[in-house]
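# Residue-level structural notes
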2 protein chains.
Amino acid sequence: MNTDELVELAQQLRVDSVRAADAAGSGHPTSSMSAADLMAVLLAHHFRYDFERPAHPGNDRFVLSKGHASPLLYAAYKAAGAIEDGELLTFRKLGSRLEGHPTPRRLPWVETATGSLGQGLPVGVGIALSGKRLDRNGYRVWVLCGDSELAEGSIWEAAEHAAYEHLDNLTAIVDVNRLGQRGPTRHGHDLDAYARRFQAFGWHTIEVDGHDVDAVDRAYGEAVSTNGQPTVILARTLKGKGVASAQDREGLHGKPLKDADEAIAELGGPRDLRVYVHEPTATRMLHAVRAGHFELPRWEKGSPEKGVATRDAYGQALTALGTGRSDIVALDGEVGDSTRAEFFAKEHPDRYFECYIAEQQMVAAAVGLASRGWVPYAATFAAFLTRAYDFVRMASVSGAGINLVGSHAGVAIGQDGPSQMGLEDLAMMRAVHGSTVLYPCDANQTAQLVAAMAGCEGIRYLRTSRGESRVIYGPEEEFPIGGSKVLRSSAHDRLTLVAAGVTVAEALAAADALERDGIQARVIDLYSVKPVDRRTLRRAAEDTGCLVTVEDHREEGGLGDAVLDAFLDGRPVPRLVRLAVRTMPGSAAPDQQLHAAGIDAESIAAAGKLLVEEAVVR
Amino acid sequence: MNTDELVELAQQLRVDSVRAADAAGSGHPTSSMSAADLMAVLLAHHFRYDFERPAHPGNDRFVLSKGHASPLLYAAYKAAGAIEDGELLTFRKLGSRLEGHPTPRRLPWVETATGSLGQGLPVGVGIALSGKRLDRNGYRVWVLCGDSELAEGSIWEAAEHAAYEHLDNLTAIVDVNRLGQRGPTRHGHDLDAYARRFQAFGWHTIEVDGHDVDAVDRAYGEAVSTNGQPTVILARTLKGKGVASAQDREGLHGKPLKDADEAIAELGGPRDLRVYVHEPTATRMLHAVRAGHFELPRWEKGSPEKGVATRDAYGQALTALGTGRSDIVALDGEVGDSTRAEFFAKEHPDRYFECYIAEQQMVAAAVGLASRGWVPYAATFAAFLTRAYDFVRMASVSGAGINLVGSHAGVAIGQDGPSQMGLEDLAMMRAVHGSTVLYPCDANQTAQLVAAMAGCEGIRYLRTSRGESRVIYGPEEEFPIGGSKVLRSSAHDRLTLVAAGVTVAEALAAADALERDGIQARVIDLYSVKPVDRRTLRRAAEDTGCLVTVEDHREEGGLGDAVLDAFLDGRPVPRLVRLAVRTMPGSAAPDQQLHAAGIDAESIAAAGKLLVEEAVVR
């Protein structure tokens, strides 16, 4: 396209953005209009993509980090012939694929859900990492960012990661329109301020007038020809560009234009230009997934005597899985010696990504890698996964399939104290839509679950422990997701103890103690916290009438609440006592911590006895 | 102190760090040893602090952002005469004040809990903001950071915030010891790499040999005399400095030295130097809290007809509260026009902090301000508070008293779609130790709760809604925290509907529909989600036997689970049905969203009817 045609295309994108928001009665036309020229030039001249084959391995990847500018994205889809004008006008309506913020759940051309700012670039880094280090298919990753979102720290985690990995296949385009939601940004139109920051982080920077299509065209060309480092194009633009009553004005964020017809006329009226997007040039195929033979690590019951930490089992099992499956990749947040991800790193360095202490970027990179077909396992301390909760939440909106592993769960870590204790992780992960939450108590169980979680949909979370625990299952035992294990049961059970992870051994010891007092207790290992084994729990409730749940986690949202999932459909509910961590721990030895929290064998036995006696009295 | 004395003091700090970790059998001596010279010079020459009066308004503030170097901090306390040698050796033991990572819950000289990296500097910015913009007491804030933690995006949110606010009372000291937990950092000893980044963000930077006490002394002096911008001192150091077998070596993070006696001998043996810390020079007093007269906004029942959004009530109530109390401050994440924090900003601009789109920094700044005695209210969309979960968690470890407000809760926001919907916020906030979680349904209730939450301990969370809701309470109604309101009840209730926020109106409508079917239903407005009104819930269970909970939130960890708190002590549990958001919403109108999620009046009535009928059959 020549200059005039590019200008026309950009005006069409503006008009269609205005029309879509007007039809919806909501949306962000002004944020779309500022970036229309940037989008038009990208689409017409630089983006290589087959809209009929979004899975084509050579396709470039586009991420709309400023997800609220979705009208612009959908207008571009229309210009590329991917959607019809009629569908464009379904924007934001019930059942439409064209949501307020784009998601790959509904649209095949969307790589990742955006709308929580500062996430598109981090995920784009993950996709670019795949392109650079794994696929090597020659595609480029283009990320359109807003200027406001550069205030998010996650952007700078991404900037650091991209430069460190020399991702010259990545281009960030920043639509510097000066205005955030409620008013001017910190740096306004000071492009140099942003350039200094990106340069300091090791990026190639280009400053450009974002409404000069020829200059923008040259900037994209320069980005493509830059080697060894990622490029950011800082484009000076005007919010609401092209409509005088909206242009560069405050107070118009996230609102349809007041008089859409007039605005459309001012923009030169509707057009129906069609842009022919360049075909991808990839010569290679999708990475062939090699699913070869592998053996999970095995431990004999009770051996070694001191037990095995489930974090060790994680590291060993993941390494074995990586040997068998070439699509397994691992990430870690600079604690691989603690999470034991370092075992994988040693064996499969090419598929290991050190993310340093940047948990948001770690999860975002995992989402990006997953979008390219890899099966990522990202690990850090369970406590520090809280840092990335918004990314986990958005990964779920994307429908991304990622495995998260949180080590050092609970007060059982001992002396390091509360800052290092994962005590909210089960609540956090359970509340994520469609998640799978696993909490193994021994090494063989961990190994099986590490392998099984690869096959789940959505967000899967594995909680591991720092200290050794006794190997209580044989290596042939199976642990289906959604299952549980009844470790102890008799015809005379008057009580059921439900535990997982470190509290399983405590519950078994408590059952021994209760037996000495003449009370038979059933013990359930609820390793699958979500989905939960409703059937076994209901059976236990019917048989014993009393349940004690015990968990190394806050009382809210963890194992105790998971057990209740079995009874919230109107059926009779058993008598329940929930033991969990109710105080703020300090530093102490692991056994002292369990005792202080009231989740050790002694506490469980006391609670169980009281519950059974009360039930008799009543 | 002269050079030799400073060197001696630093060696003592090393020796005591080694001794403390050795006595504990765990801890981080090598990370302490790298920063010992930095700490010695600060303590002896630049830090102004009265250890006997930690609340002194003129005291400088020290934050150990690399919280794992706690042995160094405690060794410094000993050198300053704040603790005895005997206590130093209780490090990390049950009941000791000297935890693995320092917390203000136990030690009066600690400003904020650290141990989750990348948080000390952000909180330090909040303290410096207080000093610069509010207290104006002339104190300085010193933050000792590790180099590894500079990978956290939150550091760059803090860097941006500090430079933007010209916090020349803030000095960050980075102990660049080159080694993270599992090995070398990204930038090793490349001080320039860090300097470029901080300079780009607007900081004054000083590079120094961190083991040259005279150079360090000059650097501190330069920091103190720098005006208009914060200073970062980038100090080249060696991890494990002073003990050849540990110095600059990998694999020794977080471990006591192998042969402590030998190491102590190599360091010149134990010393018992006492350092006299400069007195604070403050002339001003603590900010006098003016608790004058103010009137909360009032609405008459049913007026205005279209209702009032609880977010509007938040903005108005906070503004009124700010008029009455001079210790109220507000923060917002660049969405003040949506959360309505802008009302406060207009009335009290001097106590309003625009944090731009940086939720971690917003919460950290609130923690810092709270540590100086202010009562902060920090607001953004409920969905985006997930970004700051690790900061909320750590604020709870600190025992900080902060108010968090999440607007745009649930599917009820409508067209914007799932990225903007707070659907995990109740689960996230309930799981925080000692938190208060409030979810009002009308304007008067909101106003009362905004005022009441100022008086709570710990983390308080208020969930507000985007759309208008009918004013159902009069302006004189009271809403104690931990209470609830029975909105409808009779002697013939066969069912209780428990709702909060937007589902209250739906529950009331459902009760009307059920009545038409001959079923009387009680309706409880459970505005205090945590602590929960156990008494009223138990009474309802006894009276009606059946409970339906309904919430605009994920099914895990929210209102439904909160209700169960009333029944987890072994007593008989009523039959329960939990209605919540079980699918991934798209874009649609608010009423369509409630219907699709199965939490509107129609769905509640249907579930209630089924539950009552099943209960009869069984």
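This is a predicted model, so every value here is computed, not measured. (Residues numbered from 1 in each chain as written. Chains lettered and ligands numbered in written order. Predicted model: local features only at pLDDT ≥ 70, side-chain atom pairs only at ≥ 80, totals over all residues. Heavy atoms only, no water.)

## So, the overall build of chain A
Keep this limit in mind: Per the convention used, a helix needs a DSSP run of H or I reaching at least four residues, while a strand needs a run of E reaching at least two, with both numbered from the N terminus. C-alpha atoms define the radius of gyration, and 2.2 Å times the number of residues to the power 0.38 defines the globule rule. Burial status follows relative accessibility: with a 1.4 Å probe on protein chains alone, a residue under 20% of its type maximum counts as buried, one over 50% as exposed, and anything between as partly exposed.
What chain A contains, in helices and strands, is 22 helices and 19 strands. Here the C-alpha atoms of chain A give a radius of gyration of 27 Å, agreeing with the 25 Å that 2.2 N^0.38 yields for 618 residues. Taking the principal axes of its C-alpha atoms as reference, chain A extends roughly 90 × 50 × 40 Å. Expressed as a percentage of its 618 residues, the buried residues of chain A come to 70%.

## Focus: the pattern of salt bridges
Selection criterion: Salt bridge criterion: a side-chain nitrogen from Lys or Arg within 4 Å of a carboxyl oxygen from Asp or Glu.
Inspection of the entire model under this criterion finds 82 salt bridges over all chains. For E152(A), the salt bridge identified is with R387(B), shortest N-O distance 3.7 Å. Placement of E152(A) in the loop between β2 (141-146) and α7 (153-164) and of R387(B) in the loop between β9 (375-381) and α15 (389-398) is noted, with the two residues assigned to different chains. Assessed through its relative accessible area of 1%, R387(B) is described here as buried. The shortest N-O distance in the salt bridge between R298(B) and E476(B) comes to 2.7 Å. Residue R298(B) is found in the loop between α10 (260-266) and β6 (308-309), and its partner E476(B) is found in the loop between β13 (468-469) and β14 (485-488); the two are separated by 178 residues along the sequence.

## Focus on the interface of chain A and chain B
What counts is decided by this rule: Any two residues whose heavy atoms approach within 4.5 Å at even a single point are treated as in contact.
Residue-level contacts link 105 residues of chain A with 105 residues of chain B. Between chain A and chain B we count 16 salt bridges in total. Ionic pairing is found between R182(A) and E334(B), a salt bridge with its closest N-O pair at 2.8 Å.

## Some remarks on the packing of aromatic side chains
Put simply, the test is: Between rings of Phe, Tyr and Trp, where Trp is taken as its six-membered ring, a pair exists when centres lie within 6.5 Å; planes separated by under 30 degrees are stacked, by over 60 edge-to-face, and by other angles tilted. A positively charged side chain is recorded as over a ring if its NZ (Lys) or CZ (Arg) lies within 6 Å of the ring centre. The angle to the ring normal must also be within 35 degrees.
Within this structure, the stated rule accounts for 36 aromatic pairs over all chains. A ring pair is formed by W142(B) and Y220(B), whose centres lie 5.5 Å apart and whose planes are at 90°; its orientation type is edge-to-face. Separated by 78 residues along the polypeptide, W142(B) in strand β2 (residues 141-146) and Y220(B) in helix α9 (residues 213-224) bring together distant segments of the chain. Each of the two residues, W142(B) as well as Y220(B), counts as buried. When the centroid spacing of 4.7 Å and the interplanar angle of 45° are considered together, the rings of W156(B) and F198(B) count as tilted. Of the two residues, W156(B) is situated in helix α7 (residues 153-164) and F198(B) in helix α8 (residues 191-200); the sequence distance between them amounts to 42 residues. Residues W156(B) and F198(B) agree in their burial class; the two are buried. Ring pairing ties together the aromatic residues F47(A), Y49(A), F51(A), F62(A), Y74(A), Y77(A), F91(A) and W109(A), which thus form one cluster. A cation over a ring is seen here: K485(B) above F479(B), with NZ or CZ 5.2 Å from the ring centre.

## Side note on empty space enclosed by the protein
Residues and elements named next belong to chain B. Note the cut-off: Here a cavity denotes grid points, spaced 1 Å and computed from the protein atoms alone, that fit a 1.4 Å probe unable to get out, and a pocket denotes an open set having protein on both sides within 12 Å along at least 5 of 7 lines; residues with an atom within 4 Å of a point are the lining. Grid points are joined across faces, edges and corners, and a volume is the space filled by probe spheres set on the points.
In the structure shown here, the tally under the stated rule is 13 cavities of 30 Å³ or more. Considering only enclosed or pocket space, the largest cavity measures out at about 190 Å³ in volume. In this structure, the largest cavity is lined by 18 residues; those nearest its centre are F62, V63, L73, Y77 and W109. Only α3 (36-46), β1 (61-64) and α4 (70-79) provide two or more residues apiece to the lining of the largest cavity.

## A short note on the relation of the copies chain A and chain B
Note the cut-off: When the copies are superposed, the least-squares fit takes in the C-alpha atoms of residues with a pLDDT of at least 70 in both.
Turning chain A through 180° and shifting it by 0.0 Å along the axis lays it on chain B, with an RMSD of 0.0 Å. Expressed as a symmetry operation, the mapping of one chain copy onto the other fits a two-fold axis. Across chain A, the rotation axis passes nearest the C-alpha of G153(A), at a separation of 1.8 Å.

## Description of the pairing of strand β9 (residues 375-381) of chain A
All names here are of chain A. Defined as follows: Only strands that DSSP links by at least two bridges are regarded as paired with each other. Seen with the strands pointing away from the viewer, any crossover whose path from the first strand over the helix to the second strand runs clockwise is right-handed.
The buried count for β9 comes to seven of seven residues, which makes it a mostly enclosed element. Note: strand β7 (residues 328-332) against β9, five bridges, orientation parallel. Bridge pairing in β9 links L331 to A378. Across five bridges, β9 lies against strand β10 (residues 402-407) in parallel orientation. Bridge assignment links A379 to a residue of β10, and that residue is V405. Handedness of the crossover is the feature at issue here: the chain leaves β9, passes through helix α15 (residues 389-398), returns alongside β10, and the resulting connection is right-handed.

## Side note on the pairing of strand β15 (residues 495-499) of chain B
All names here are of chain B. Summarising burial for β15: five of the five residues are buried, a large majority. Burial of the side chains of β15 extends over both faces: L495, L497 and A499 are buried on one face and T496 and V498 on the other. As paired strands, β15 and strand β16 (residues 521-525) are joined by five bridges and run parallel to one another. Residue pairing across strands places A499 opposite D525, the latter belonging to β16. Of the pairings in the sheet, the one linking β15 to strand β18 (residues 546-554) comprises three bridges and is parallel in character. Bridged to T496 within β18 is L547.

## Overview of the sheet that holds β9(B)
All names here are of chain B. What counts, and what does not: Angles shown run from 0 to 180 degrees and are taken between the N-to-C directions of axes, each axis being a line fitted to C-alpha atoms and, for helices, limited to the stretch in contact.
Taking strand neighbours across the sheet as the criterion, the seven strands line up as β8-β7-β9-β10-β12-β11-β17 in an open arrangement whose pairing is mixed. Edge positions in the open sheet fall to β8 (352-354) and β17 (528-530), since each of these has one partner strand only. Averaged over neighbouring strand pairs, the angle between their axes works out to 20° when direction is ignored. With three bridges connecting them, strand β7 (residues 328-332) and β8 associate as parallel partners. In the strand pairing of β8, D332 is matched with E354. Lying over the sheet, helix α17 (residues 443-453) contacts β9, β10 (402-407), β11 (436-438) and β12 (459-463), oriented at roughly 170° with respect to β12.

## Some details on the nonpolar core
Our working definition: Note on terminology: a nonpolar core comprises buried Ala, Val, Leu, Ile, Met, Phe, Trp, Tyr and Cys residues joined through side-chain atoms within 4.5 Å.
Membership of the largest hydrophobic core comes to 298 residues, with the highest contact counts inside it found for W203(A), Y377(A), L497(A), W203(B), Y377(B) and L497(B). Every residue in contact with W203(A), bar those within four places of it in the chain, is listed here: L121(A), A159(A), A162(A), A163(A), L170(A), A172(A), F198(A), Q229(A), P230(A), T231(A) and V232(A).

## Some words on the UniProt feature "domain: Transketolase-like pyrimidine-binding" (unreviewed entry) in chain A
The condition is simple: UniProt positions are given in the numbering used here, feature names are shortened, and annotations may be inferred rather than shown by experiment.
UniProt annotation of "domain: Transketolase-like pyrimidine-binding" (unreviewed entry) refers to residues 308-471 of chain A when read in the numbering used here. With 40% helix and 20% strand, the stretch residues 308-471 of chain A has end C-alpha atoms that lie 7 Å from each other.

## Quick word on the side chain of T310(A)
Inspection of the secondary structure puts T310(A) in helix α11 (residues 310-324). Apart from the residues lying within four places of it in its own chain, the contact partners of T310(A) are P440(A), C441(A), D442(A), T446(A), T464(A), S465(A), G467(A) and S469(A).

## Brief notes about helix α6 (residues 120-135) of chain B
Of all 16 residues making up α6(B), 14 are buried, and the element is well covered by its neighbours. Just downstream of α6(B), R136(B) is the residue with a positive phi angle, here 50°.

## With respect to the side chain of T30(A)
Mapped onto the elements, T30(A) comes out in helix α2 (residues 29-33). Dropping the residues within four chain positions of it, T30(A) is found in contact with K239(A), G240(A), A246(A), L252(A), H253(A) and L257(A).

## Some remarks on unusual backbone geometry
P531(A) follows K530(A) through a cis peptide bond whose omega is -5°. Among the secondary structure elements, P531(A) is positioned in the loop between β17 (528-530) and α19 (534-544). Of note, the bond from S303(B) into P304(B) is cis; its omega dihedral lies within 30 degrees of zero at -5°. With respect to the helices, strands and loops of the structure, P304(B) is situated in the loop between α10 and β6. Of note, R178(A) is a non-glycine position whose phi angle comes to about 80°, a positive value. Within the fold, R178(A) resides in the loop between β3 (170-176) and α8 (191-200). Unlike most non-glycine residues, R136(B) shows phi in positive territory, near 50°. Locating R136(B) in the fold gives a position in the loop between α6 and β2.

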